[in-house]
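# Close look at the chain arrangement
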Amino acid sequence: ELTATAPRARRHAGALGVCVGAALGLLLISFASGGYFPTAWAWGALLALVFVAAALVLGNVVQPSRLALVSLGGLTGFGVWTWLALLWSSNPAATVLEGLRVLFYVSVLAALIAVLRRAYVPLLLAATLTAIVLASGYGLITRLFPERLGVFDPVAAYRLEEPLTYWNALGVFAALMIQTS
């Protein structure tokens with residue numbers, strides 16, 4: 001009887017790990033100015049690639065669908081093209097930054113493809129919703145209690161912008177909450 005429940009418990013722990021990891025990653029990116037700056041792309045890509053490596057080492061990699069492989073291949077091809085643009089770019093520094101951004105996208109998609117099972121999707125959506133609520137709630141609290149958490153920005157005035165640092169981005173991020181729920 002113990003051997004029958006052990007794989008199930010491990011599977012549930014894996015689902016929980018995937019969803020908590022995704023929520024924490026989304027929350028970290030949102031509190032890193034919404035991933036706007038290159039430093040967020042670099043550590044985000046590193047974190048996602050470590051996640052993929054851990055899944056490979058633990059043997060928990062999911063057999064990807066053809067659509068997932070085509071999506072990953074297309075995004076990877078775009079990334080390769082971006083890095084190849086260094087050969088003809090008039091601004092190599094900007095090209096490297098764009099290459100890092102695409103590397104971030106590719107690594108996050110690879111992490112999701114490597115560990116996300118169809119059964120985890122409702123949990124992943126709940127984790128995403130939780131991360132969006134926490135980030136958007138923090139932005140609201142900075143305006144409701146500016147003397148405690150708020151930072152006055154003369155350009156933004158009292159618009160809701162934290163933690164993404166741009167009010168329209170926070171609005172779109174909060175609107176994703178409606179789509180997720």
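This structure is a prediction, so every number in the text was calculated from the model and none was measured.

### Quick look at the nonpolar core
Counting residues in hydrophobic clusters, the biggest one holds 15 residues, and the most contacted among them are Val52, Leu72 and Val115. Where this core is concerned, the elements lending two or more residues are α1 (2-31), α2 (38-58), α3 (66-84) and α4 (92-115). Considering each element in turn, this core owes the most residues, 7 residues, to α4. If you look at the next biggest cluster of nonpolar residues, it comprises 11 residues, including Cys19, Ala23, Leu27 and Leu124.

### Notes on the confidence of the model for the protein chain
Summing up the model confidence of the protein chain, the mean pLDDT is 88 and the portion of residues at 70 or higher is 90%. Across the protein chain, α3 holds the top mean pLDDT of 97, while α1 sits lowest at 79.

### A word on the packing of α3 against α4
Interhelical geometry of α3 versus α4 gives an angle of 165° and a closest axis separation of 9 Å. Comparing their axes, α4 and α3 come out roughly antiparallel. For α3 against α4, the interelement crossing comes out left-handed. Seen from α3, the contacting residues are Ala68, Ser71, Leu72, Leu75, Thr76, Phe78, Gly79, Thr82 and Trp83; seen from α4, they are Thr95, Val96, Glu98, Gly99, Leu100, Val102, Tyr105, Val106, Leu109, Ala110 and Ile113. Looking at the contact of α3 with α4 residue by residue, the class counts come to 13 nonpolar, 6 polar and 1 charged.

### Considering the pattern of salt bridges
The final tally for this structure, using the stated rule, is 1 salt bridge. A salt bridge links Glu98 to Arg101, with the shortest nitrogen-to-oxygen separation between them at 3.0 Å. Here Arg101 and Glu98 lie together in helix α4, a separation of 3 residues that amounts to about one turn. According to the relative accessible area criterion, Arg101 is partly exposed, its value standing at 24%.

### Here we look at the packing of α2 against α4
Following both chains from N to C, one finds α2 and α4 inclined at 30°, their axes separated by 8 Å at the closest point. Classified by the interaxial angle, the pair formed by α2 and α4 is roughly parallel. Between α2 and α4 lies a crossing whose hand is left-handed. Between α2 and α4, the residues in contact are Pro38, Trp41, Gly44, Ala45, Ala48, Leu49, Phe51, Val52 and Ala55 and Leu97, Leu100, Arg101, Leu103, Phe104, Ser107, Val108, Ala110, Ala111, Ala114 and Val115, respectively. When grouped by side-chain class, the residues that make up the contact of α2 with α4 number 17 nonpolar, 2 polar and 1 charged.

Rules behind the numbers
All residue numbers refer to position in the chain's written sequence, counted from 1. Owing to the predicted nature of the model, reporting of local features is limited to residues with pLDDT of at least 70; listing and counting of side-chain atom pairs is limited to 80 or more, with chain, interface and lining totals taken over all residues. The side-chain quantities take in all heavy atoms of the structure and omit both hydrogens and water. To define a nonpolar core, start from buried Ala, Val, Leu, Ile, Met, Phe, Trp, Tyr and Cys residues and group those joined through side-chain atoms within 4.5 Å. Only protein chains enter the accessibility calculation, which uses a 1.4 Å probe; a residue is then buried when its area is under 20% of its type maximum, exposed when over 50%, and partly exposed in between. Secondary structure is summarised from DSSP: a helix means a run of H or I of at least four residues, a strand means a run of E of at least two, and numbering begins at the N terminus for each. Every residue is assigned a pLDDT by the predictor, reflecting its confidence on a scale from 0 to 100. Angles run from 0 to 180 degrees between N-to-C directions of axes, and those axes are lines fitted to C-alpha atoms, restricted for helices to the stretch in contact. Note on angle classes: values under 35 degrees are labelled roughly parallel, values over 145 roughly antiparallel, values of 65 to 115 roughly perpendicular, and the remainder oblique. Each crossing gets its hand from how the near helix is turned against the far one by less than a right angle, where anticlockwise is left-handed and clockwise is right-handed. Residue contacts are counted whenever heavy atoms from the two residues lie within 4.5 Å of one another. In this classification, Asp, Glu, Lys and Arg are treated as charged, Ala, Val, Leu, Ile, Met, Phe, Trp, Tyr, Cys and Pro as nonpolar, and every other residue, Gly included, as polar. Every case where a carboxyl oxygen of Asp or Glu lies within 4 Å of a side-chain nitrogen of Lys or Arg is listed as a salt bridge.

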